[in-house]
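# Structural overview
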Amino acid sequence: SCGGKLVLRIEDLDPDRCRREYADQLKRDLEWLGLTWDEEQTPQSLRSEAYRGMFSRLEEKNLVYPCYCSRVELHAASAPHASDGTLLYAGTCRELTPAEIEEKRKKRAPATRVRVPDEIISFTDGVFGAYSENLAEECGDFIIRRSDGVFAYQLAVTVDDGLSGVTEVVRGSDLISSTPRQIWLYRLFGFEPPHFVHIPLLCDVDGRRLSKRDEDLDLGLLRKRFTPEQVIGALAFAAHLTDRAEPASVRELVQDFDWSRIPRHELCLPPMFR
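Residues numbered from 1 in each chain as written. Predicted model: local features only at pLDDT ≥ 70, side-chain atom pairs only at ≥ 80, totals over all residues. Heavy atoms only, no water.

### As for the environment of Ile121
- Mapped onto the secondary structure, Ile121 falls in strand β5 (residues 120-125).
- Overall, Ile121 belongs to the buried group, its relative accessible area being 1%.
- Sequence separation between Ile121 and Val159 is 38 residues; the distance between their C-alpha atoms is 19 Å.
- For Ile121, the contacting residues outside a window of four places in its chain are Tyr131, Ser132, Glu133, Leu135, Pro180, Ile183, Trp184 and Arg187. (Helix = DSSP H or I, 4+ residues; strand = E, 2+ residues; numbered from the N terminus. Buried < 20%, exposed > 50% of the residue type's maximum accessible area, 1.4 Å probe, protein only. Contact = heavy atoms within 4.5 Å.)

### Observations concerning unusual backbone geometry
- A positive phi angle is found at Asn62, which is not glycine, with a value near 60 degrees.
- Within the secondary structure, Asn62 is located in the loop between α2 (48-60) and β3 (64-67).
- You can call Asn62 exposed: its relative accessible area is 54%.
- At His240, a position not held by glycine, the phi torsion is positive, near 70 degrees.
- When you line up the elements, His240 lands in the loop between α9 (228-238) and α10 (250-255).

### Focus: the pattern of salt bridges
- Per the counting criterion, the structure on display carries 18 salt bridges.
- Note that Asp148 is salt-bridged to Arg146, the shortest N-O span being 2.5 Å.
- Taking the relative accessible area as the measure of exposure, Arg146 reaches 27% and is therefore partly exposed.
- One salt bridge connects Asp214 with Arg208, and the closest N-O pair in it is separated by 3.2 Å.
- We classify Arg208 as partly exposed; its relative accessible area is 28%.
- Here the salt bridges share partners, and the residues they tie into one network are Arg9, Glu11, Arg47, Asp160 and Asp161. (Salt bridge = Lys/Arg side-chain N within 4 Å of Asp/Glu carboxyl O.)

### A short note on a negative patch on the surface
- A surface patch of like charges, here negative, comprises Asp118, Glu119, Glu137 and Glu138.
- Inspection of the secondary structure puts Asp118 in the loop between β4 (111-114) and β5.
- Relative accessible area serves as the criterion here: at 60%, Asp118 is assigned to the exposed category. (Patch = residues over 30% accessible without salt bridge, like charges linked within 9 Å, V, L, I, M, F, W, Y side chains within 5 Å. Areas by Shrake-Rupley, 256 points an atom, 1.4 Å probe, with all protein chains shown as cover. Lys, Arg positive; Asp, Glu negative; His and termini not counted. Charge placed at Lys NZ, Arg CZ, Asp CG, Glu CD.)

In C-alpha cells form, the structure reads like this:
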C-alpha cells in the first residue's frame, strides 16, 4: 500500500526442526492466498558467515561471555520472569574467572550470552503505540549463540534486516518483547532500526492462541473447503479491515489498507473456520 517491496525470508536456523519441504509448503500456501513476494532472501541456514562477522564485533567490544547453565539450572535459579513469561537470566556465568571457564568447558559446551546495559529502550509500534523496556531489569543477558553453535534468532534477524535494508517489520504481537533487544543490537551494529508493527494474534472463541501443538485447523484443510478469496475475506473481517465477511483478494484490500483499523486486542477466529 506504500509502494514498497515484500521480502520473503525463510527463518530456518534450527536444523532439527526446519526442513526444506516445510519451506516449500509455506511458499505454496502463500502463493495460493495471493500473498506473493517481490524478492526472496537467502535462507538463514546458509548465512552463518554474515552472523559470524557481526558476532565478532560483539566479541571485540567485550560484550559476550560463555554460559554453561543447563535448562534445569536456569529454571532452578531464583530469577524473576519477564511479563511475557520469559525466564530472566540471573547472571550466573557473567563474571566467571578464566580458571572457572576452563573447568566448566571440560563438562559441557557453552552457549554465548551478550551483556545488556541498564538502559531503557523505547520505540513506537504501528499498532500498540509506545513501548519501553529496561534491558537489564526486564530482559537480562540473552543468548546469541546456542551451545551447538547455531546463532540465535535475536542476532540473525537483526543482521538480516540491517544488511538487506528492511525498513518495516510486521509480525505477531507475541514478539513485541523481543524488539527492544533487537533495536539495541541494530544500533551496536550501526544499522538504522526499522519501523515495527506488531499485529494481534488469532485466537479461538475462548481466547486460546491457535497453535500447531494443539492441532488447530491448518491451511491444508482450509484449502479443501474454501477458496483463497473466502479465507482472505474472513481474516480481513476479523482484523477489522472490512465491515462484512465477504470474499476478497489481497490486491483489493491493499487499495484501502490502513493500520489504524487494526485493533490492539486479540482477534477471534472467524465462525467459518471453527
